[in-house]
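# Inside the fold
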Amino acid sequence: MATTAALVWYLVIAGPQGGMVVLPSTFDKREQCTAAITEYQKQPTPQGWSVQCVPSASPFTDEGDAEEPSAQ
């Protein structure tokens, strides 16, 4: 039985001192994510910041985390 995995792409912005932000919007295709990076780079950005597309299978995502979100 063959299964296929569909990746979800996240836009990740990393700061010069190691901080990282995963934007809440996701992309179905890597091309959509790279197009968003192209649009992002049209704006002036602070020096040292980087932007990249990270797939859902990345160790940087918290998908599958066993912790329950806290009620607010």
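Attention in this report is confined to the structure presented alongside it.

Our next topic: the environment of Trp 49. Here Trp 49 lies in the loop between α1 (30–40) and β3 (50–55). Sequence separation between Trp 49 and Met 20 is 29 residues, and the spatial gap between their C-alpha atoms is 9.6 Å.

Our next topic: the sheet that holds strand β1 (residues 9–14). Strand order in the open sheet formed by 3 strands is β2-β1-β3, with antiparallel pairing between adjacent strands. A strand with exactly one partner marks an edge of an open sheet, and here the two such strands are β2 (20–27) and β3. Ignoring strand direction, the axes of neighbouring strands in this sheet form an average angle of 25 degrees. When β1 meets β2, the two strands line up antiparallel, connected through 5 bridges. Residue pairing across strands places Trp 9 opposite Phe 27, the latter belonging to β2. Relative to β1, α1 is tilted by about 30 degrees, and along the sheet it contacts β1, β2 and β3.

The rules behind each value
- Residues numbered from 1 in each chain as written.
- Predicted model: local features only at pLDDT ≥ 70, side-chain atom pairs only at ≥ 80, totals over all residues.
- Heavy atoms only, no water.
- Helix = DSSP H or I, 4+ residues; strand = E, 2+ residues; numbered from the N terminus.
- Pairing = 2+ DSSP bridges.
- Axes fitted to C-alpha atoms, helices over the stretch in contact; angles between N-to-C directions.
- Contact = heavy atoms within 4.5 Å.

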